[in-house]
Amino acid sequence: MKNLLMFISFLFFISCNYKVNDKNEKDNQISFENLRKSINKIILNENIPGTSIGILINDSIVFNEGFGYTDTLKTKKVTSNTIFPVASISKFITAISILMLETQGKLSIEDPITKHFPELSQEFSEIKIKHLLNHTTGITDMPFRERLELYKKPDMENIVLDYFQPSIIRNKPEKKWEYSNITYMMLSFIIERTTKQSFGGFIHKEFVQNLNLTGTGLCESPEIDSKYTFNYFYPKRTYLNPKYSQRQLGGGGICSTSSDLLKIVRALQNGKLIASEKISLLFKPTLLENGMEIYYGLGTKLGINDNIFMCGHTGGHQTNHSVLFWYPNEKIAAVALTNSDPGNAPKLAMEASSFVLELNKFEVKEIDEVDYSGKFNWAGDTITYQITKKGELIEKIDYGHSVDELTYYYVGNNTFHNSEYNTTLKFGIKNNKSYYVQTFNYGIYADMDIATRINE
């Protein structure tokens, strides 16, 4: 308790722009030492070779350190400047880039994609840039193995455009939410065509140069390619060369450091990248035509953590795991980058976030008079929800060969929480009955299929 009070005092001085005196500096170091112990314990228990953790408060990066090693032979330690593939956090940066161009009047997110790709069939004319950003295009994402082959080819744009045939259209835009990587490659090509420069060149000019970043760029670029950390696949800690899987451009091909990502958030907070009225578009949930409100904005996952609004993005290849948590109302952000998958970056970022915010203090409440029980379809598997007499929600997932069971407690606003796994369920309600469920891990929206009620 003493250390917590000391640290709160430190945060108060930071927020008031006062100079921290020697005593508070010492108190702060004591507090951060506890955070270091927690992080070291997590990476030991989770078998993570190395991680870089950063915390932003207002305009100050108050914590930014590396833990563990860049390789399993422990030849080089991870530092605050170690470069990691950030995977799908690239989508967050890509969305910011599109809004930057809209701010400059060079495009509109309401543009049909056929305006930028006139060679596409008119069947794609209903798809707008905003649909690429919020994963509501209605098209089928390119299969994983096919994408791996794509990344090996020198001319990816022509191959991607060849993939965009009318046969991949499954439904009209905004009818269904379905996470997609190929659509973010299309956004990269829109940026290239609009600015008449490569996507990597745009990132370098608009982000690296303007924000004085030191370790950000396309993973495949000469400046970055040989510098980012080794990456490992757990549990065997097998080294995997992520070279080809990193060629995803805006969908997952950016490498960065914890401090650079926090500088990008700081620039957003200060209105240096996009117009302030457009920042809210990042946070606006996606509304489907059937009334479902999806907790994904424009390239930004939204979160629920008690009464504190959070957003950001997660990322992961088969070799690394990353997360950016941003609490815009508090002007606080936390980043965790790891060099293994699974690397449980969300747990690390939540640990850092919880050090400066009072999070995960969900209060168990009396359950509403809503029918939450029933069977739901989740990516072909069946989930059964049942409310017990105690007011607990029992979740059973039937995989055919096995059944997983988990208990959740009601925390208000049609939301249930499991503190052991830090998983949250939010139900969509219609006519006093739940009809879909969204999952959140460590407070942030999980990019998985939405469970929908099976009408019996």
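Residues numbered from 1 in each chain as written. Predicted model: local features only at pLDDT ≥ 70, side-chain atom pairs only at ≥ 80, totals over all residues. Heavy atoms only, no water.

**Here's the deal with the packing of aromatic side chains**
Working definition: an aromatic ring pair is given by the centre-to-centre distance plus the angle between the planes.
Consideration 1: Here the structure, examined in full by the defined rule, presents 21 aromatic pairs.
Consideration 2: Ring geometry for Tyr163 against Phe164: centres 6.2 Å apart, planes inclined by 75°, an arrangement best described as edge-to-face.
Consideration 3: These aromatic residues form a ring-pair network of at least three members: Trp177, Tyr179, Tyr295, Tyr296, Phe440 and Tyr445.
Consideration 4: Residue placement shows Lys430 over the ring face of Tyr435; its charged tip is 4.6 Å from the ring centre. (Phe/Tyr/Trp six-rings, centres within 6.5 Å; stacked < 30°, edge-to-face > 60°. Lys NZ or Arg CZ within 6 Å of the ring centre and 35° of its normal.)

**Observations concerning the state of the cysteines**
Consideration 1: Within the structure shown, the criterion is met by 1 disulfide.
Consideration 2: With a sulfur-sulfur separation of 2.1 Å, Cys219 is cross-linked through a disulfide to Cys255. In this structure, the disulfide formed by Cys219 and Cys255 twists by about 110° around the S-S bond and is classed as right-handed. Taken together, the positions of Cys219 in the loop between strand E4 (217-218) and strand E5 (232-233) and Cys255 in strand E7 (residues 254-256) put the pair 36 residues apart, joining distant regions of the chain.
Consideration 3: Owing to a relative accessible area of 1%, Cys219 belongs among the buried residues under this scheme.
Consideration 4: Among the residues examined, Cys255 registers a relative accessible area of 0% and is labelled buried. (Disulfide = S-S within 2.5 Å. Helix = DSSP H or I, 4+ residues; strand = E, 2+ residues; numbered from the N terminus. Buried < 20%, exposed > 50% of the residue type's maximum accessible area, 1.4 Å probe, protein only.)

**Focus on the nonpolar core**
Consideration 1: With 82 residues, the main nonpolar core has Phe164, Phe207 and Leu273 as its most contacted residues.
Consideration 2: Residue contributions to this core peak at 9 residues, all from helix H3 (residues 89-103).
Consideration 3: In terms of nonpolar packing, the next biggest core, distinct from the first, is built from 31 residues, Ala334, Ala345, Phe355 and Ile444 among them. (Core = buried A, V, L, I, M, F, W, Y, C linked by side-chain atoms within 4.5 Å.)

**Remarks on empty space enclosed by the protein**
Consideration 1: Scanning the entire structure with this criterion turns up 1 cavity of 30 Å³ or more.
Consideration 2: Empty space within the largest cavity amounts to approximately 40 Å³.
Consideration 3: What lines the largest cavity is simply His135, Thr136, Thr137, Gly138, Ile139, Lys176 and Glu178. (1 Å grid on protein atoms, 1.4 Å probe; cavity = no way out; pocket = protein on both sides within 12 Å on 5 of 7 lines; lining within 4 Å. Points joined across faces, edges and corners; volume = space filled by probe spheres on them.)

**Concerning the pairing of strand E10 (residues 301-305)**
Consideration 1: Counting buried residues in E10 gives 5 out of 5 residues, a clear majority hidden from the surface.
Consideration 2: Pairing of E10 with strand E11 (residues 308-316) involves 5 bridges; the strand directions are antiparallel. Across the sheet, Leu302 pairs through a bridge with Cys311, a residue of E11. (Pairing = 2+ DSSP bridges.)

**So, the sheet that holds strand E3 (residues 84-85)**
Consideration 1: Reading across from one edge, E3-E7-E4 is the order of the 3 strands in this open sheet, with antiparallel pairing throughout. The sheet is open, and its two borders are formed by E3 and E4, each paired with just one other strand.
Consideration 2: Both E3 and E7 contribute to a ladder of 2 bridges, which runs antiparallel. Counterpart to Phe84 in the pairing with E7 is Ser256.

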